[in-house]
Amino acid sequence: MDKVKLIIDSGSNDRANENLTVVPLTMTIAGKDFVDDENLDINEFISSMEKNTEEGKTSCPSINEWLEALKGTKFAIMMTITSGLSGSFSSAFQAKQIYEKDHPDSHVIVIDSRTAGPEISVILEKIRELANSKIRFVDLEQKISDYKTHTHLLFVLKSLHNLALNGRVNMAVAKVAKVLNIDVVGTASEEGKLEPLAKVRGIKRAFKEVLKLMSEMKYKGGNLIIDHCKNEKDAESLKTKILALYPEAEIKIRSMRGLCTFYAEEGSLMVGFDDL
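These remarks concern the structure in this document. Model, not experiment: these values are computed from the prediction.

**Side note on helix 2 (residues 63–70)**
Part 1: Those residues of helix 2 lying buried are Trp66, Leu67, Ala69 and Leu70. End-on, the buried residues of helix 2 take up no more than an arc of 160°, which puts them together on one face.
Part 2: Tucked inside the fold, the buried residues of helix 2 contact strand 1 (4–9), strand 2 (21–23), strand 6 (75–80), helix 3 (88–102) and strand 7 (107–112).
Part 3: Positioned one or two residues after helix 2, Gly72 has a phi angle of 85°, which is positive.

Right, dumping it as structure tokens:
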């Protein structure tokens with residue numbers, strides 16, 4: 001089988017490289033567009049969100065952008081941020097249909113990750129492993145689907161300001177949470193929605209809740225990714241606490257890109273892992 005091209009959108013927080021193409025989403029704050037690519041000034045973006053007093057919005061990559069990413073490939077796997085937050089999956093799937101019609105010998109798989117950030121990256125690592133194995137391309141989609149049942153996302157939010165502006169939570173609740181130093185701990189549901197699980201006062205209690213949930217989700221100490229929004233200190237602290245319980249864990253810490261920053265905001269953490 002020819003080499004499989006891997007294509008994702010920027011909702012995973014991955015950066016493009018020679019083995020990965022990243023198609024950017026766009027965030028609009030107070031009428032200004034911020035393209036989630038390598039040129040995004042994350043500090044300017046965060047500042048714009050903090051000053052903003054009206055609903056922002058996100059725009060998924062166009063069909064043409066996905067088609068451009070597919071150009072010249074025979075085998076490709078495209079994965080998007082959850083369809084529960086974005087139309088990226090629908091756009092990518094339409095691009096697949098057009099591309100395969102125009103290139104009858106091509107084969108494209110499109111995956112709705114049903115999640116965001118580091119859990120997408122955990123799935124992506126497995127896709128790389130499967131794509132480089134001797135498994136037939138036609139069998140890859142089911143293998144990926146099976147693996148997704150073993151992956152998880154947890155997040156810690158320190159601000160609800162942008163979620164309140166976008167109607168996800170009550171603004172009064174967001175203001176009270178800020179005053180009382182309340183952190184929201186949550187996960188991605190099976191339907192691909194961001195689902196709050198607990199509200200705790202302070203990061204120490206948030207860490208305790210995260211570790212408890214990881215145990216309930218049957219984490220055994222494998223690969224794990226922590227993404228943060230300008231909060232490397234707490235990411236490192238969480239890494240230390242995880243390693244104290246799971247000494248064999250291989251933990252990677254990364255900075256969030258724009259799309260996850262839009263939803264999670266400054267100070268947030270996202271944790272992706274599997275239970276195998």
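**Considerations on the sheet that holds strand 2**
Across a sheet, strands are paired by hydrogen bonds formed along the backbone, either parallel or antiparallel in direction.
Part 1: If you walk across this open sheet you meet the four strands as 2-1-6-7, and the pairing is parallel. At either margin of the open sheet sits one strand with a lone partner, and together these are strand 2 and strand 7. Strand-to-strand twist in this sheet, taken as the mean axis angle between neighbours without regard to direction, amounts to 20°.
Part 2: One ladder, built from five bridges, connects strand 1 with strand 6; its direction is parallel. When the bridges of strand 6 are listed, Ile8 appears paired with Met79.
Part 3: Of the strands in this sheet, strand 1, strand 6 and strand 7 are in contact with helix 3, which crosses strand 7 at around 170°.
Part 4: Those strands touched by helix 4 (residues 118–131) are strand 1 and strand 6, and its axis lies near 165° from that of strand 6.

**So, the sheet that holds strand 9 (residues 182–188)**
Part 1: A sheet is described by the order of its strands in space; here six strands give the open sequence 10-9-8-13-11-12, paired in mixed fashion. Each having just a single partner strand, strand 10 (194–201) and strand 12 (250–255) make up the two edges of the open sheet. Geometrically, the sheet is characterised by an average inter-axis angle of 20° between neighbouring strands, direction not taken into account.
Part 2: Strand direction decides the pairing type here: strand 11 (residues 223–228) and strand 12, joined by six bridges, are parallel. When the sheet's bridge partners are listed, Asn223 is paired in strand 12 with Glu250.
Part 3: Docked against the sheet, helix 4 engages strand 8 (151–157), strand 9, strand 11, strand 12 and strand 13 (269–274), running at close to 30° with respect to strand 13.
Part 4: Packing against the sheet, helix 9 (residues 232–245) makes contact with strand 11, strand 12 and strand 13, and its axis sits at approximately 160° to strand 11.

**What to know about the pairing of strand 10**
Part 1: Sheet topology note: the strand 9/strand 10 ladder contains seven bridges and is antiparallel. Pairing of Asp183 across the sheet is with Val200, part of strand 10.
Part 2: Counted along the chain from strand 9 to the antiparallel partner strand 10, the turn is five residues long, and its residue Gly192 has a positive phi close to 85°.

**Considerations on the pattern of salt bridges**
Part 1: Counted according to the given criterion, the structure contains 13 salt bridges.
Part 2: Across the pair Lys96 and Glu100 runs a salt bridge, and its minimum N-O distance is 3.2 Å. Note that Lys96 and Glu100 are positioned in helix 3 at a spacing of four residues, about one turn of the helix.
Part 3: For Lys96, a relative accessible area of 16% translates into the label buried.
Part 4: Beyond isolated ion pairs, a larger network of salt bridges with shared partners links Asp14, Asp227 and Arg254.

**Remarks on the environment of Lys143**
Part 1: Considering the arrangement of structural elements, one finds Lys143 in helix 5 (residues 137–148).
Part 2: For Lys143, a relative accessible area of 41% gives the class partly exposed.
Part 3: Between the C-alpha atom of Lys143 and that of Ile127, which follows or precedes it by 16 residues, the distance is 8.8 Å.
Part 4: Among residues more than four places away in sequence, those in contact with Lys143 are Leu130 and Ile135.

**Examining the packing of aromatic side chains**
Part 1: Within this structure, the stated rule accounts for six aromatic pairs.
Part 2: Centre to centre, the rings of Phe75 and Phe137 are 5.0 Å apart; their planes meet at 55°, and the pair counts as tilted. With Phe75 in strand 6 and Phe137 in helix 5, this residue pair connects regions lying 62 residues apart in the sequence. When sorted by exposure, Phe75 lands in the same class as Phe137, which is buried.

Rules of the game
Residues numbered from 1 in each chain as written. Predicted model: local features only at pLDDT ≥ 70, side-chain atom pairs only at ≥ 80, totals over all residues. Heavy atoms only, no water. Buried < 20%, exposed > 50% of the residue type's maximum accessible area, 1.4 Å probe, protein only. Helix = DSSP H or I, 4+ residues; strand = E, 2+ residues; numbered from the N terminus. Arc of directions from axis to C-beta. Contact = heavy atoms within 4.5 Å. Pairing = 2+ DSSP bridges. Axes fitted to C-alpha atoms, helices over the stretch in contact; angles between N-to-C directions. Salt bridge = Lys/Arg side-chain N within 4 Å of Asp/Glu carboxyl O. Phe/Tyr/Trp six-rings, centres within 6.5 Å; stacked < 30°, edge-to-face > 60°.

Note that every value here comes from positions in space, so none of it alone points to a role or purpose.
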